[in-house]
Amino acid sequence: MRPSHIETILDREFESCIEGIHTPVMLWGPPGVGKSQIIAGIAQRHNVPLIDIRLSQMEPTDLRGIPFKSGDTVKWSVPDMLPDAVRHGEKGILFLDEINAAPPTVSAAAYQLILDRRLGEYAIPEGWAIFAAGNRQGDRGVTYAMPAPLANRFTHYEVEPNLDDWISWALEHGINDRIMGFLRFRPDLLFDYDPAHNPVAFPSPRSWEYVHRALAKFMNRPDLITDALQACVGNAVGVELKAFIDNMENLPDIDAILEGQETGVPKGIDLQYGVAAALVRRAREAANQPKALANILKYAKQFPQREMGVMLVTDLHRAVGKPLFAVPEFVEWANSVAELMLYDFKPTT
């Protein structure tokens, strides 16, 4: 399932806590696909605390607490990492990461916490959602088969990388437009992981964020940049990305396009993706400048392949939102691709 759909589900699951109908959710997926990031985004969007517990690093007593004598009976101390309405707030997210990498003795200690929302006398506050995540057994990570009693305490969703969702995220987080252009050019490289070969560095949504950091650190060091890119996404992809970035020197003048000057569309497909990504980034910076948006819409009509213009305007909408519809040139552009859009979205019978 694509990340944006899972985010919608988790949003509703979080909101359902206060209604008493929340069900714990388990996210499955390969390493680097963005499971933890999705859950962190839910907490940020609702402005609530996120308690991230890595069960793979726990002992049973870390979760259950330590027994102590109280008169003639034994009581259990409550670990302070567990949600507390006074210390943490009445609403929040308890995130049990790497849950299927935890030893069976630890996962057994989590049964009651997940299903009954309590451990002994301790109870999770009503406004707290329980989310968990883990790698699949075929991903070559350190995993244990999830016991049926534990699995039956969750609803289960598998996270699949989606380029459109990643582009939306990248625009919100200021990811280098060269990376967005490259991935539009090579969408198959958003995530390319073969567990049979067990690679050390490979393309994933997580490692593309590392590429963004590498470009910020090493772009002015031509002697180091290739090695830095390969360290993030592997040797072959790193070399291909470096060649793409070098070719971006041949892009048309982006400022001239924004100003409405006559600027041709580059012939190379890779450069067309590059100029589209650069225009989207600049549009986000100029979201309150209708003239610049109008000129980008005019430029979108110049692409030899109309699908390229549709992709540009779609990403443009992701970048600036509803203000794009208020630009008069948007209607003109939409009319120019109406036949294409109707063909693409014609319902099947």
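The protein is annotated in an unreviewed UniProt entry as Dynein-related subfamily AAA family protein of Sulfuritortus calidifontis.

Trainee: Please explain the overall build of the protein as it appears in this structure.
Mentor: Helices and strands together make up the secondary structure of the protein, namely 16 helices and nine strands. Each principal axis of the C-alpha atoms in the protein carries an extent, and together these give about 90 × 45 × 45 Å. By the burial criterion, 46% of the 349 residues in the protein qualify as buried. Excluding contacts between residues fewer than 6 apart, the proportion of contacts in the protein whose partners are at least 24 apart in sequence is 70%. Per element, the accessible surface of the protein, about 17800 Å² overall, is 52% carbon and sulfur. Where the 34 positive side-chain charges of the protein centre and where its 45 negative ones centre are 1 Å apart.

Trainee: Explain helix α4 (residues 104-115) to me, please; I cannot follow it from the model alone.
Mentor: Every α-helix winds through 3.6 residues per turn, so residues three or four apart in the chain are directed the same way. Between the first and last C-alpha of α4 there are 17 Å, a value that for twelve residues agrees with the 16 Å anticipated at 1.5 Å per step. Taken together, the buried residues of α4 touch α3 (60-64), β5 (91-97), β6 (118-119), β7 (122-123), β8 (127-134) and α5 (148-151). Arginine 117 sits one or two residues past α4 and shows a positive phi near 60°.

Trainee: Sorry if this is basic, but what is going on with the sheet that holds β8 here?
Mentor: In a beta sheet, neighbouring strands are held together by backbone hydrogen bonds and run either parallel or antiparallel to one another. With parallel pairing, five strands are arranged side by side in an open sheet as β2-β5-β8-β1-β9. Because the sheet does not close on itself, it has two edges, and the strands there are β2 (50-54) and β9 (155-158). On average, each strand axis in the sheet is tilted by 20° relative to the strand beside it, whichever way the strands run. As paired strands, β2 and β5 are joined by five bridges and run parallel to one another. Bridging from a neighbouring strand, isoleucine 51 pairs with leucine 94 of β5. Together, β1 (25-28), β5, β8 and β9 form the strand contacts of helix α1 (residues 3-15), whose direction differs from that of β8 by roughly 145°.

Trainee: Looking at this model, I keep getting lost on the packing of helix α9 (residues 225-233) against helix α10 (residues 235-247). Mind explaining?
Mentor: Helix-helix packing: each pair is described by the crossing angle between the helix axes and the interaxial distance. In the contact formed by α9 and α10, the axes pass within 7 Å of each other and the chain directions differ by 130°. Classified by the angle between their axes, α9 and α10 sit oblique to one another. Crossing of α9 over α10 shows right-handed handedness. Facing Ile225, Thr226, Leu229, Gln230 and Val233 of α9, the residues of α10 in contact are Asn235, Val237, Gly238, Val239, Leu241, Lys242 and Ile245.

Trainee: Teacher, can you tell me more about unusual backbone geometry here?
Mentor: Note: most residues except glycine have negative phi, and most peptide bonds are trans. The phi dihedral of asparagine 47 is positive, around 55°, even though this residue is not glycine. Assignment of secondary structure puts asparagine 47 in the loop between α2 (35-46) and β2. A relative accessible area of 71% means that asparagine 47 is categorised as exposed. The phi torsion at glutamate 98 lies on the positive side, around 55°, for a residue other than glycine.

Trainee: Teacher, can you tell me more about the nonpolar core here?
Mentor: The nonpolar side chains of a soluble globular protein tend to be buried with one another. Core analysis: the biggest nonpolar cluster contains 61 residues, and Trp166, Leu183, Trp208, Val211 and Leu279 have the highest contact counts within it. Per-element accounting of this core gives the leading share, nine residues, to helix α12 (residues 269-285). The residues contacting valine 211, other than those within four sequence positions of it, are Ile179, Leu229, Cys232, Val233 and Leu241. With 27 residues, the next largest nonpolar core counts Met26, Ile99, Trp128 and Leu150 among its residues.

Trainee: So what exactly am I meant to see when it comes to the pairing of strand β4 (residues 73-76) here?
Mentor: Relative to β4, strand β3 (residues 67-70) runs antiparallel, the two sharing four bridges. Bridge pairing links serine 70 to threonine 73 in β4. Between β3 and β4, which pair antiparallel and follow one another directly, the connecting turn spans two residues, one of which, glycine 71, has a positive phi of 70°.

Trainee: How do you make sense of the domain arrangement of the protein when you look at a structure like this?
Mentor: A common way to report how large an interface is uses the accessible area buried once the components associate. Assigned domains within the protein: domain 1 (3-158) and domain 2 (251-343). The distance between the C-alpha centroids of domain 1 and domain 2 comes to 44 Å.

Trainee: Explanation requested: the side chain of arginine 117 in the structure shown.
Mentor: Take arginine 117: it is sitting in the loop between α4 and β6. Among the polar contacts made by the side chain of arginine 117, one reaches the main-chain carbonyl oxygen of tryptophan 128 at a distance of 2.6 Å. Leaving out residues up to four positions away in the same chain, arginine 117 has contacts with His22, Gln112, Tyr122, Ala123, Ile124, Pro125, Glu126, Trp128 and Ile130.

Trainee: Looking at this structure, I do not really get the pattern of salt bridges. What am I missing?
Mentor: Side chains bearing opposite charge may pair, as long as their charged atoms lie close to each other. What the rule picks out here adds up to 21 salt bridges. Put simply, arginine 2 and aspartate 165 hold a salt bridge, and the shortest N to O gap is 2.6 Å. Taken together, the residues span a long stretch of sequence, with arginine 2 in the segment before α1 and aspartate 165 in helix α6 (residues 163-172) at a distance of 163 residues. The partly exposed category is assigned to arginine 2, whose relative accessible area is 27%. In this structure aspartate 165 comes out as buried when scored by relative accessible area, which is 13%. Arginine 54 is the partner of aspartate 52 in a salt bridge, and the nearest nitrogen-oxygen pair spans 3.0 Å. Overlapping salt bridges bring together Asp177, Asp255, Arg281, Arg282 and Glu285 as one network.

Trainee: Can you help me understand the environment of glycine 34 in this one?
Mentor: Among the secondary structure elements, glycine 34 is positioned in the loop between β1 and α2. When its relative accessible area of 19% is taken as the criterion, glycine 34 is described as buried. Taking the C-alpha atoms as reference points, glycine 34 and proline 205, separated by 171 residues in sequence, lie 6.5 Å from one another.

About the criteria used
Residues numbered from 1 in each chain as written. Predicted model: local features only at pLDDT ≥ 70, side-chain atom pairs only at ≥ 80, totals over all residues. Heavy atoms only, no water. Helix = DSSP H or I, 4+ residues; strand = E, 2+ residues; numbered from the N terminus. Buried < 20%, exposed > 50% of the residue type's maximum accessible area, 1.4 Å probe, protein only. Contact = heavy atoms within 4.5 Å. Areas by Shrake-Rupley, 256 points an atom, 1.4 Å probe, with all protein chains shown as cover. Lys, Arg positive; Asp, Glu negative; His and termini not counted. Charge placed at Lys NZ, Arg CZ, Asp CG, Glu CD. Expected span 1.5 Å × (residues − 1). Pairing = 2+ DSSP bridges. Axes fitted to C-alpha atoms, helices over the stretch in contact; angles between N-to-C directions. Parallel < 35°, antiparallel > 145°, perpendicular 65-115°, else oblique. Left-handed = near helix turned anticlockwise from the far one by under 90°. Core = buried A, V, L, I, M, F, W, Y, C linked by side-chain atoms within 4.5 Å. Domains from an automatic or database assignment. Polar contact = N/O pair within 3.5 Å; in protein donor to acceptor, adjacent residues only side chain to side chain. Salt bridge = Lys/Arg side-chain N within 4 Å of Asp/Glu carboxyl O.

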